[in-house]
Amino acid sequence: PADDFSRSMGTIQRRLLRRALGQVGAQTAHRRWVAEQYRLRITHSLIAHPSLRPGADPVFGRYPLVTEDRPAILARAPAAKVEVVDFYSTPVHPFRGADLRIVCYEPGSCPNAEWLSERVISLPTNTMVREREIDRTVRLFDSLAA
């Protein structure tokens, strides 16, 4: 074991952890509500929502969308005051190009992952996302045709 293996959590950290654990149910419900709002209200034809198997009830840390128009969305988002990011924009994030070979990734070996990594964006689902943020996000996607 590491030298600090026998150390315990500090009093403040323990208190913060207890508080956070006590809020897990409310945070889970909120993240599900936000994801459902995105699913119902973002209807642009350039956007694909995650496919869910029957009976699946995911809790999204971030809500993923697939689009052929990622550069335009990412460019418009700051002016619209919408948080949109392109996490995992390579098959082995954060490696790109020749650096992929450092982790023994052979470009072209996972074409589905490569295709998806060029098109996926994600939206926040945390408790800071309220109706106002969802409305702005929906307006951003509605404006894509313009």
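Student: Can you help me understand helix H3 (residues 70–80) in this one?
Tutor: Helical geometry note: an α-helix holds 3.6 residues per turn, so side chains three or four residues apart project in the same direction. Taken as a whole, H3 has its buried residues at Arg70, Ile73 and Ala77. For H3, the arc enclosing every buried residue in end-on projection is 55 degrees, short of the 170-degree limit, so these residues lie on one face. Every exposed residue of H3 that faces more than 90 degrees away from the buried side is listed here: Pro71, Ala75, Pro78 and Ala79. Taken together, the buried residues of H3 touch strand S1 (47–48), strand S2 (62–67), helix H4 (111–117), strand S3 (120–124) and helix H5 (131–142).

Student: Looking at this structure, how should I read the side chain of Ser117?
Tutor: With respect to the helices and strands, the residue Ser117 is situated in helix H4. A relative accessible area of 6% means that Ser117 is categorised as buried. Aside from chain neighbours lying at most four places away, what touches Ser117 is Arg70, Tyr88, Ser89, Thr90 and Pro91.

Student: Help me understand the sheet that holds S1 in this model?
Tutor: Whenever strands of a sheet pair, they do so through backbone hydrogen bonds, lying parallel or antiparallel. Strands sit in the order S1-S2-S3 across an open sheet of three strands; the sheet is antiparallel. Since the sheet does not close on itself, it has two edges, and those belong to S1 and S3, each with one partner. By the bridge criterion, two bridges tie S1 to S2 in an arrangement that is antiparallel. What sits directly across from Ala48, in S2, is Val66.

Cut-offs used in this document
- Residues numbered from 1 in each chain as written.
- Predicted model: local features only at pLDDT ≥ 70, side-chain atom pairs only at ≥ 80, totals over all residues.
- Heavy atoms only, no water.
- Buried < 20%, exposed > 50% of the residue type's maximum accessible area, 1.4 Å probe, protein only.
- Helix = DSSP H or I, 4+ residues; strand = E, 2+ residues; numbered from the N terminus.
- Arc of directions from axis to C-beta.
- Contact = heavy atoms within 4.5 Å.
- Pairing = 2+ DSSP bridges.

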